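Results of the structural survey
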2 protein chains.
Amino acid sequence: MQRMAKRLMNFGAGPGALPLPALEQAQIDLLDLDGTGVGVLEHSHRGPAFDKVLVETDALLRELAGIGDTHEILFLHGGASTQFAEIPLAFLKEGARAGYVLTGVWGEKALAEAKTVAKLKRAEAELLLSTKERAGDKETFLRVPEKLPTMEGAAYVHFTSNETVHGVQFLELPKASATPLVCDMSSDFLSRVVDFSNFDFVYAGAQKNAGPSGLAIVVVKKSFLEKQDVGIPKIWDYRVAAEQRSLYNTPSTFSIYFTRNVLRWIEAKGGIAAVQAENDKKAAMIYEVLDARKDVYTTRVAKNARSRMNVVFELENEAIEKVFLEKAKAADL
Amino acid sequence: MQRMAKRLMNFGAGPGALPLPALEQAQIDLLDLDGTGVGVLEHSHRGPAFDKVLVETDALLRELAGIGDTHEILFLHGGASTQFAEIPLAFLKEGARAGYVLTGVWGEKALAEAKTVAKLKRAEAELLLSTKERAGDKETFLRVPEKLPTMEGAAYVHFTSNETVHGVQFLELPKASATPLVCDMSSDFLSRVVDFSNFDFVYAGAQKNAGPSGLAIVVVKKSFLEKQDVGIPKIWDYRVAAEQRSLYNTPSTFSIYFTRNVLRWIEAKGGIAAVQAENDKKAAMIYEVLDARKDVYTTRVAKNARSRMNVVFELENEAIEKVFLEKAKAADL
């Protein structure tokens, strides 16, 4: 299918630009999924055509991300913000405690939501460590802790691998410790090689790198699932989702389908390592320019926490900012 | 965009067949939404292009369904099953009671989930009335109550307007009473003219008549919203969703966008009354055939509860069923 639409470069902090082959495949499958005569939106989630999609998506993700049989992959409704509430609902039993490590606003939101849920469940969600600091006239996040603190007896410790707003990323991810590790990987999932065996629970809103919004991808260790609370609604019960292969109720079938297309594209590119190499190269080029022109650009994030996904910089003054935005628009960025 | 794909007729109990113009528009907008140079999946939910989509979807739905300023329209993650848990979480305060009227399996699922949530919130979700009855060798649902029972002092009374599995529908919808009325309208939303002023809370999984799966459309009375519990997670707080125009977190933008396309198609057809007339005519034709051949087909649902959306009948024996399914397949149904 050829289209001559004018496609702009997308540098927004919101959803990522999606691969053209994945979009073009979707144009076809909207009317006729894999030659079935029925469009992808119209297939039952319990029918063979969608099942094939689901099986392929799971298999591709396992293969590309190196996710072993120790972990379940779940495709759930909502985005990362939904997981902010679902995780403590499922894993904070009465009287239990969880610790939150904050390196940006998404971690703050996760903790706030966990505190509300903890109250409902008569449990505790606690601030374990925050890298928030005063820089100039405001409070901001500029770094990641050298080592993730442990928290003895805790249900889990939660952190955010990449913070979009502040451009702060754990360039080196923490290793497994005695406390189960939960990671919000929304904005760098599939962008880098990750050893998932270190994590008990990883979640990502799909709209950054994997597909459309409205889908959360969860990678959860089977042994962690066994620790889940049982008295919670079925729709938010990860064990039910695992038993029913993410089909307890009608999932966001289009989002799962589109994720499959993106995974096929990643495979064709040479896998996640190839995607990472490209991301690293792009980020290095941008930081090089920013560092070379300190008279114009200010970058304050510590070098060992500079995000490969969201390069955050400030311009010296508003007049320069205006010129910058105008030139970017003229260049179709 | 012309396509010669072979499109089958879809009589499945799952997602409905979608209007071709809505699908063809989506093919274009996947790459370039409304001439913006960026595809619908790639636009930020906070940008002007998606905002236009959201505003149009809300306005079209209000106009076509006759929803007044007394009610908010919300576009939420998940489907009806997510609402089964979210409604009691939000509207059952500690010590409060809600009543459930069951006319099929979806009502049963809603009650089961509400009971789990009620326990968490130290409240009560109660079976108020069930039309389950023994017919032959099994228990089934064949009718709707003549009048919806009231429940003094209850937070709400919940019922299901159309039960897909048993083909039982409230052909005449209940009127408002002293107890707030909550209705799961998943499978007949947009299929019939409804006086929304009778309801405090209506919800529908979009995938039956409005669009893709992964979206729940909620129509909630503002005065009912004010009664909501406050100590619940923000992601499930209907007041937050209303204040933030369904943009508290990234919504399922594609599902909202596609619902817009479907609403445009309904408008072009002459509105919901025209859709209803067509549905009624189709259903009447099918029931006429079934009634005329009682030697082959058995329909057990009471005539005043026969669903216009899901015609349920039994065939006399398995041999006939096999022939029926083979002939249907040969006819591309």
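The next subject is the sheet that holds strand β6 (residues 156–160) of chain B. Residues and elements named next belong to chain B. Spatially, β1-β11-β10-β9-β6-β2-β3 is the arrangement adopted by the seven strands of the open sheet, whose pairing is mixed. Edge positions in the sheet fall to β1 (71–77) and β3 (124–130), since each of these pairs with one other strand and no more. Taking each pair of neighbouring strands and ignoring which way they run, the sheet shows an average axis angle of 20°. With four bridges connecting them, β6 and strand β9 (residues 181–184) associate as parallel partners. Bridged to H158 within β9 is V182. Of the strands in this sheet, β1 and β11 (215–221) are in contact with helix α2 (residues 48–65), which crosses β1 at around 130°. Here helix α4 (residues 105–120) sits on the sheet and contacts β2 (97–102), β3, β6 and β9; the angle it forms with β3, its principal contact strand, is near 160°.

On to the pairing of β11(B). The two faces of a sheet get side chains in turn, since along a regular strand they alternate between them. All names here are of chain B. Burial runs high along β11: seven of the seven residues are buried. Where burial is concerned, the two faces of β11 agree: the one with L215, I217, V219 and K221 and the one with A216, V218 and V220 are both buried. One ladder, built from seven bridges, connects β1 with β11; its direction is antiparallel. When the bridges of β11 are listed, H77 appears paired with L215. Two elements, strand β10 (residues 201–205) and β11, share five bridges in a ladder whose sense is antiparallel. Paired with A204 across the strands is I217, a residue of β11.

Taken together, the contact between chain B and chain A spans 59 residues of the former and 59 residues of the latter. For the pair chain B and chain A, the summed buried surface comes to about 4,900 Å²; carbon and sulfur atoms form 63% of the total. Taken as a group, B:L31, B:E42 and B:L120 account for 15% of the area that chain B buries against chain A, more than any other trio of residues on that side. Where chain B meets chain A, there are zero salt bridges.

All names here are of chain A. Considering the arrangement of structural elements, one finds D184 in strand β9 (residues 181–184). The class of D184 is buried, set by a relative accessible area of 3%. Apart from residues lying up to four places away in sequence, D184 is in contact with A80, F84, W106, H158, F159, T160, S161 and Y203.

Before going further, it helps to spend a moment on the pairing of strand β2 (residues 97–102) of chain A. Residue and element names in this part refer to chain A. Most of β2 sits out of view: five of its six residues are buried. As judged from the six bridges shared by β2 and strand β3 (residues 124–130), these two strands associate in the parallel manner. In the strand pairing of β3, Y100 is matched with L127. With respect to chirality, the unit in which β2 leads through helix α4 (residues 105–120) into the neighbouring parallel β3 is right-handed. Alignment of β2 against strand β6 (residues 156–160), held across three bridges, turns out to be parallel. Each residue of the ladder has a partner; that of A98, found in β6, is Y156.

A few words on the sheet that holds β2(A). Residues and elements named next belong to chain A. Read across the open sheet, the seven strands follow the order β1-β11-β10-β9-β6-β2-β3; overall the sheet is mixed. Each end of this open sheet is capped by a strand with a single partner; those strands are β1 (71–77) and β3. Strand-to-strand twist of the sheet, defined as the mean angle between neighbouring strand axes without regard to direction, takes the value 20°. α4 rests against β2, β3, β6 and β9 of the sheet, and its axis sits at about 160° to β3.

Thresholds applied
Residues numbered from 1 in each chain as written. Chains lettered and ligands numbered in written order. Predicted model: local features only at pLDDT ≥ 70, side-chain atom pairs only at ≥ 80, totals over all residues. Heavy atoms only, no water. Pairing = 2+ DSSP bridges. Helix = DSSP H or I, 4+ residues; strand = E, 2+ residues; numbered from the N terminus. Axes fitted to C-alpha atoms, helices over the stretch in contact; angles between N-to-C directions. Contact = heavy atoms within 4.5 Å. Buried < 20%, exposed > 50% of the residue type's maximum accessible area, 1.4 Å probe, protein only. Buried area = accessible area lost by both parts, 1.4 Å probe. Salt bridge = Lys/Arg side-chain N within 4 Å of Asp/Glu carboxyl O. Right-handed = clockwise from strand over helix to strand, strands pointing away.

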